[in-house]
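Overview (structure and organization)
Okay, here's what each chain looks like letter by letter:
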Amino acid sequence: MAIAAVFLALAPSAMAHDAVLEGKSNWLFAGWESLTAARPDAEQASIRLISDVGRLLAQRNVKVIVAIVPLKPRYYESLLPDGSTMSDVVRGRYDRELTELRAAGVNTPDLRDAFKTVVADKKEVFYRTDFHWTTFAAEATADLIAGVITSQGPLPGNAGSGTRLGEWMSDRHLGDLAANFLPPERKRAIGPETYVIRAATKPAAGLLDADPSPVAVVGNSFVQPYFGFPQRLSNKIDRPVALKWNPGDVGPWATLLQYLQSSDFSTASVRHLVWQFNEAQIQNGPDTVGEWASQGISTPAEWRAKVTDALRNR
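Residues numbered from 1 in each chain as written. Predicted model: local features only at pLDDT ≥ 70, side-chain atom pairs only at ≥ 80, totals over all residues. Heavy atoms only, no water.

**Some points on the nonpolar core**
Inclusion rule: Here, nonpolar core means buried Ala, Val, Leu, Ile, Met, Phe, Trp, Tyr and Cys residues that are tied together by side-chain atoms lying within 4.5 Å of each other. Accessibility here uses a 1.4 Å probe with only protein chains present; expressed as a share of the type maximum, an area under 20% marks a residue as buried, one over 50% as exposed, and anything in between as partly exposed. In this text, helices come from DSSP runs of H or I with a minimum length of four residues, and strands from runs of E with a minimum of two, each type numbered from the N-terminal end.
Counting 86 residues, the largest nonpolar core has Trp133, Phe229, Leu233 and Leu260 as the members making the most contacts within it. Looking at this core, the element that brings in the most residues is helix H5 (residues 135-150), giving eight residues.

**Side note on the packing of helix H4 (residues 111-120) against H5**
Short version of the rule: An axis is simply a line fitted to the C-alpha atoms; with a helix, the fit covers only the stretch in contact. Between two such axes, the angle follows the N-to-C directions and lies from 0 to 180 degrees. Each angle receives one of four descriptions, namely roughly parallel if under 35 degrees, roughly antiparallel if over 145, roughly perpendicular if within 65 to 115, and oblique otherwise. Should the near helix be turned anticlockwise from the far one by less than a right angle, the crossing is termed left-handed; should it be turned clockwise, right-handed. What makes two residues a contact is simply this: any of their non-hydrogen atoms within 4.5 Å.
Where H4 contacts H5, the two axes come as close as 8 Å, and the packing angle between them is 130°. As summarised for this structure, H4 and H5 are arranged oblique, according to the angle between their axes. Along this stretch, H4 crosses H5, giving a crossing that reads as right-handed. Mapping the contact onto sequence places Leu111, Ala114, Phe115, Thr117 and Val118 in H4 and Phe136, Ala137, Ala140, Thr141, Leu144 and Ile145 in H5.

**Description of the sheet that holds strand S8 (residues 215-219)**
To be explicit about the condition: When DSSP finds two or more bridges between a pair of strands, those strands are recorded as paired.
Spatially, S3-S10-S8-S9 is the arrangement adopted by the four strands of the open sheet, whose pairing is parallel. A strand with exactly one partner marks an edge of an open sheet, and here the two such strands are strand S3 (63-69) and strand S9 (241-245). Recorded for the sheet is a direction-independent mean angle of 20° between the axes of neighbouring strands. Across five bridges, S8 lies against S9 in parallel orientation. Paired with Gly219 across the strands is Trp245, a residue of S9. Along the sheet, H5 contacts S3, S8 and strand S10 (272-278); its crossing angle with S3, the most-contacted strand, is approximately 160°. Along the sheet, helix H9 (residues 251-261) contacts S8, S9 and S10; its crossing angle with S10, the most-contacted strand, is approximately 160°.

**Focus on helix H3 (residues 93-103)**
Where H3 is concerned, the buried positions are Arg93, Tyr94, Arg96, Glu97, Leu98 and Leu101. Elements that come into contact with the buried residues of H3 comprise helix H1 (40-58), S3, helix H2 (88-91) and H4. One or two steps after H3, the chain reaches Gly105, where phi turns positive at roughly 85°.

Shown next, in the form of structure tokens:
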């Protein structure tokens, strides 16, 4: 897979801000994710919309699982630049989002439980110079999500149709925060890092075309194949997994709509839909100008109507 594909989480709007916080020991953080400001009212509006869409899908026998990736500084706060710290409102945001989503009837696993297993193994959950999680964190999260799915009953399809995982390998390059936003002299000083990833994986031989995917993953570049989340999930549930991901500036709302409108989505086969957000994205609804690409902006009412139309056609 081309290395450039790793760099697609970043929104153009980030260029308008101080895009990178240079922390201690050459650790980099996304400058567009505020450590002090949060918008709880906007979070609640998004949660109502997520819950509403979850009910629409449930009426068509599709169960939604919302997977929220925690903020990178939660795990590396001691490496933030001097004077940078999370405010109380940001520090409490992940718990607040989980509580409110669950109260709204949305199945929302705590991904921090998966991250705990990675930390206990003395591995990193995010890359030093990158916005993204490590493959270790992605795979641990896939294991957690697989447990949520399989606990809800047997999946349709054939045993043995899941993805076969490749061997571990190393891939060394600059992280996306360094490569995209630092001047040449800082790139040289920060330097590349080693990405421990899986070698190319493939579906079980002869079964891909015959077996529909009972599970779909929709999200941003955190769930792209480079980091291994969809392959590990497929391996764990032993079924094919459909995937729709976009660069971060497209946003979770437009990406879900694209998937529901596509020929890849069918309520006849999909039984579980894993919808991935980053923690800070919950506060940005489908009408948030400056966060999402302009062609994907719509009012919440317009977006919901399009989702309803897409489901009606399935």
